[in-house]
Amino acid sequence: MLKIENLHVSVDGKEIIKGLNLEVKKGEVHAIMGPNGSGKSTLSAVIAGNEDYEVTKGNIFFNDENIEDLSAEERAHRGIFMSFQYPVEIPGITVTNFIKTAINSNLKARGNKEMPANEMLKKIREKAELLEIDSRFLSRSLNEGFSGGEKKRNEIFQMAMLEPTLAILDETDSGLDIDALRIVASGVNKLKNKDNATIVITHYQRLLDHIIPDHVHVLQNGKIAKSGDKNLALQLEERGYDWI
Amino acid sequence: MSLKDKLVSSFLAFELDADISSPVHEIRSNSIKQFEKIGFPDRKNEYWKYTPIKKVLNEELTLFKKNKHLIDFEKVKDFFLGGIESYKIVLIDGVYDPRWSNTTHEGVDICILSSVLENDKYAELITKYYNKLVDNSESFSLLNTSFSKEGAYIHIPKGIELDKPVEIIHINSGGESSLMLQPRNLIILEKNTKAQIVESHYSLANDDNISQDEFSDKTDPLTNTLTEIHVEENAHLDYYKIQNDLETTSIIDNTYINQKKNSVASCHTFSFGGNIVRNNLNYFQNGENINSILKGITILGSNQHTDHHTLVHHANPNCESYQEYKGIYDEKSTGVFNGKVLVDKVAQKINAFQQNNNLLVGDHSSVNTKPQLEIFADDVKCSHGCTIGQLDKAALFYLKARGIPEKEAKGLLTYAFANNVLESVNMQVLKIKIKEIIANKIGVSLGFEL
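Residues numbered from 1 in each chain as written. Chains lettered and ligands numbered in written order. Predicted model: local features only at pLDDT ≥ 70, side-chain atom pairs only at ≥ 80, totals over all residues.

**Q** So what exactly am I meant to see when it comes to the confidence of the model for chain B here?
**A** Close inspection of predicted coordinates is inappropriate in any region flagged by low pLDDT. All names here are of chain B. Chain-level pLDDT for chain B is 91 on average; 95% of the residues reach the 70-or-more range. Counting contacts from residues 208-216, a segment whose pLDDT is below 50, to residues more than four positions away or on other chains yields twelve contacts. Across the predicted assembly, pTM comes out at 0.87 and ipTM at 0.96. (pLDDT = per-residue confidence, 0-100. Contact = placed C-beta atoms within 7 Å.)

**Q** In this structure, what is going on with the interface of chain A and chain B? I would like to understand it.
**A** In many reports, interface size means the accessible area that the parts give up when they come together. Taken together, the contacts link 23 residues of chain A with 19 residues of chain B. Mapped onto the side of chain A that touches chain B, the elements with two or more residues apiece are α2 (72-77), β7 (90-94) and α3 (95-109) of chain A. The element that contributes the greatest number of residues to the side of chain A that touches chain B is α3 of chain A, accounting for eight residues. (Helix = DSSP H or I, 4+ residues; strand = E, 2+ residues; numbered from the N terminus.)

**Q** It is not clear to me how the nonpolar core should be interpreted in this structure. Could you clarify?
**A** Among soluble globular proteins, nonpolar side chains are generally buried collectively. Counting 151 residues, the largest nonpolar core has Ile-168 of chain A together with Ile-154 and Ile-197 of chain B as its most contacted members. The biggest single contributor to this core is helix α8 (residues 406-419) of chain B, with seven residues. Excluding residues that lie within four positions of it along the chain, Ile-154 of chain B makes contacts with Asp-109, Ile-110, Val-166, Ile-187, Ile-188 and Ile-197 of chain B. Judged by nonpolar contacts, the second largest core, of 18 residues, contains Ile-32, Phe-147, Met-180 and Ile-252 of chain B. (Core = buried A, V, L, I, M, F, W, Y, C linked by C-beta atoms within 7 Å. Buried ≥ 20, exposed ≤ 12 C-beta atoms within 10 Å, placed from the backbone.)

**Q** I would appreciate a short explanation of the domain arrangement of chain B in the present structure.
**A** All names here are of chain B. Along its sequence, chain B is organised into domain 1 (3-286) and domain 2 (409-450). When each unit is reduced to the centre of its C-alpha atoms, the spacing between domain 1 and domain 2 is 27 Å. Opposite the 13 residues of domain 1 that make contact, domain 2 presents ten residues. Mapped by element, the contributors of at least two residues to the side of domain 1 that touches domain 2 are β8 (194-203), β10 (236-244) and β12 (264-273). Class assignment of the residues belonging to the side of domain 1 that touches domain 2 gives a composition of seven nonpolar, five polar and one charged. (Domains from an automatic or database assignment. Nonpolar A, V, L, I, M, F, W, Y, C, P; charged D, E, K, R; others polar.)

**Q** Just checking my understanding: could you explain the sheet that holds strand β1 (residues 2-11) of chain A for this structure?
**A** Pairing between the strands of a sheet is mediated by backbone hydrogen bonds and can be parallel or antiparallel. Residues and elements named next belong to chain A. Taken together, four strands build an open sheet; the order of strands is β2-β1-β4-β5 and the sheet is antiparallel. At either end of the open sheet lies a strand with only one pairing partner, and these are β2 (14-24) and β5 (65-66). Bridging between β1 and strand β4 (residues 54-62) involves seven bridges; their strand directions are antiparallel. Among the inter-strand pairings, Lys-3 is bridged to a residue of β4, identified as Phe-61. (Pairing = 2+ DSSP bridges.)

**Q** Any chance you could explain the packing of helix α1 (residues 3-17) of chain B against helix α2 (residues 25-38) of chain B here in plain terms?
**A** The description of two packed helices rests on the angle between their axes and on the distance between the axes. Residue and element names in this part refer to chain B. Relative to each other, α1 and α2 sit at 170 degrees, their axes nearing to 10 Å. By the angle between their axes, α1 is roughly antiparallel relative to α2. In this structure, α1 contributes Val-8, Phe-11 and Glu-15 to the contact, and α2 contributes His-25, Arg-28, Ile-32 and Glu-36. The class makeup of the residues in the contact of α1 with α2 is three nonpolar, one polar and three charged. (Axes fitted to C-alpha atoms, helices over the stretch in contact; angles between N-to-C directions. Parallel < 35°, antiparallel > 145°, perpendicular 65-115°, else oblique.)

**Q** How do you make sense of the packing of α3 of chain A against helix α5 (residues 148-162) of chain A when you look at a structure like this?
**A** Residue and element names in this part refer to chain A. As a packed pair, α3 and α5 sit with axes 10 Å apart at the nearest point and diverge in direction by 35 degrees. The element α3 and its partner α5 pack so that their crossing is right-handed. Where α3 abuts α5, its residues Val-95, Ile-99, Ala-102, Ile-103 and Asn-106 lie against Asn-154, Gln-158, Met-161 and Leu-162. Residues belonging to the contact of α3 with α5 are distributed by class as follows: six nonpolar, three polar and no charged. (Left-handed = near helix turned anticlockwise from the far one by under 90°.)

**Q** So what exactly am I meant to see when it comes to helix α9 (residues 428-442) of chain B here?
**A** What sets the pattern is the α-helix's 3.6 residues per turn: residues three or four places apart point alike. Residue and element names in this part refer to chain B. Between its first and last C-alpha atoms α9 spans 21 Å; for 15 residues at 1.5 Å apiece the expected length is 21 Å, and the two agree. Residues Leu-430, Lys-433, Ile-434, Ile-438, Lys-441 and Ile-442 constitute the buried set of α9. The buried residues of α9 occupy one face: seen down the axis, they fall within an arc of 165 degrees. (Expected span 1.5 Å × (residues − 1). Arc of directions from axis to C-beta.)

Right, here's the structure in full:
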C-alpha cells in the first residue's frame, strides 16, 4: 500500500530525513518510534502532503502511484489520513460542519454524490458514540478551547468518519490521560480491518499496549535504525534509545 | 459651479418645495448657513485622511429627482428579510413607496418622517428630539439636516417591547444616475422599551430599468444618510445596517446614538459593497450602567472602499463599550477603521474594549486601522487591538489534509474569520441572510446548512 524509497526531506534547507525506506502492506499496523528530533513528525507531514517540507530525493508510492506531486487534499481523496499532533483551533466552524464539508469534499472528488443529511447525521452519531463523544461537543467550534484529550479524540472521530485506507497517528497519545488513551486506542482498533493500514508514531511505548503493532521501527537521525516486532518497543522502553 | 455652490443655491427652491412653516425650517436654514461656511472636507482634514471623498462629490449630482421609476417586486424581493412579519418602510430613490411598506400608529409610531414633521400633533416630540444629537461641525450631517425630508420615524412609548422588527429599506432604482439622496431617520425608544431595526441599502443595476440613452449624464449616485437615535432609560435597541450596494453607489452614513442610564444599544454594520462607503457611528453615554455594542463585518472586492469611524464618548461612570470590527479585503479594495474612545474625567470604572481584525486576501488590497483613545479618568479599563494578516497556513493545511480543496478551504476559513461577529445578532432570519450574503461574497458554497 505505502512504499517509501530512499526518502530525503529538508525543511528550510536543513535535511531532516536522510534516506528512509519503509513498506506498509494492507492490514498491517506499524509503529514508528524515536527520540525527539529524529524526524517522526516530518515523516508524517510529508506523507500527508505538507508543502513546507521539501522532498529532495526518493519516492513515496501509495497504491503504486507516485504521490510526490499530489496536493494534501488529493492525498486525502486517495485515502491518506493524518491525525495531527497539534490539531489547529478554528473558531467559527463547528465540528459537525467541518466533518460534513470534509466528507462531501472527498465523496465529490471520488466522483460520488454528497451524503444525504439523515445518513450523515446517523453516521456522526454512531462514530461519536464509538469515541464516547458528547453530542454537545459536536456543535462547538473546531478544537477551540478543547482539552488535549478532546482534541485527540476529535482527530480519531474524524478518522472514523472519513474511513481512510492509511491512517497516520502522529503522537496521538501525547496529552492523553489513561482513560482517554483507552478510548482512543479502542476506537482505532475497531476501525482496523484487513484492507486498511495504520502507522502509529510515538515517543513512548504505552500506546502500543493498546494498539498492538505488527512491526516496530526505530527512527534515528533521519533513518530507520532498527526494525522488529512488538518486542522491540518493550526493549526500547526498558533500555532507552541510546541502546540502539 | 462647484457642488457646494450648487447645493447652497438650490436650498431656496428646496425649502419652497418643502414647507416653510414646518418647525424644522429654522434648523434647516441654520444648517445650510453653517455648511456654506465650512464646505466639504478634503484629505488635509485628519477625519477624512484615508477616504478620498472628493472623488464622489461630482458637480453633476442633483437633489431633484427627474422621473419616477416603477420597479417589479421580483427584482427587489430578496432585499426584504422574508420569512417573518415586520414593519416596513421602503424608500425608492428617496421617495416613500407605500406598496411594500407596512407602517403603524397603533400604540407606537412607525412611519415616514415627512408625515411627522408636517403634523402639529408631533411638534412637541420633534422639538424635543429632532437634530439634538448632530455634530454641527460635520459637513455631511449639516447637508443632510438642510435637505432631508424623508426617512423613517420610529417612536416607541414607555414600557413597550416591539412585537416585530422594523425594516428600513433604501432602494436605488438605477434610473437616476446623478441623484444625491438625503434620507434621515429619527428613532426614539422611551423608558423600558425594546426594539430591533434593520436598515439596508440596495441598488438595482442601471440597465435593469431604463434604456442607456437616458444616461447621457452618467454620474454615480451618492446617498448621504443620517440617523438620530435616542435610547432612554432601561431601553434596549438592536440596530442592524446592511450596506450591499452596487460598485457605483456611494454612501455616507452619520449615525448618532444617545443612551440614557441602564440602556443597551447595539449597532451591527455589514458593509458588503459600494464605491465609497463612509460610516460615522457616534455613541454618547448619557448616564450610568450603559452598555454600547458596535460590531461590523466588511467584505470588499474590486476598487471598493469602506471607512468606519466610530466614536464612543464615555461621559459617565460604570459603563461599558464593546467594539469588534472584522474586514476582508480582496483585489484592490481598501478599508479604514478609526475607533475613537473618549473617556471624560468623571467616567470612572468604565470598561472599553476595541478590536479590529483584517484579512487581506487580494495582493493589492490595503487597510488603515487606528485606535484612538483619549482618556481623562484614572480608574478605567480600556483595551484595544488590531491585526492585519493573511489566512493561517497551518489551518489551511489542516483543512486540506481532510480532503477539502484549497479554494473551499480558504472560503471556509474566511467565513469562519467573520462568523463570530454574528453571534451577537439576535434575529435568526437576519443571521441566515447575512451568512448567505457572506458565502456568496466569498464565492464558495459552504457545503452545509447555514
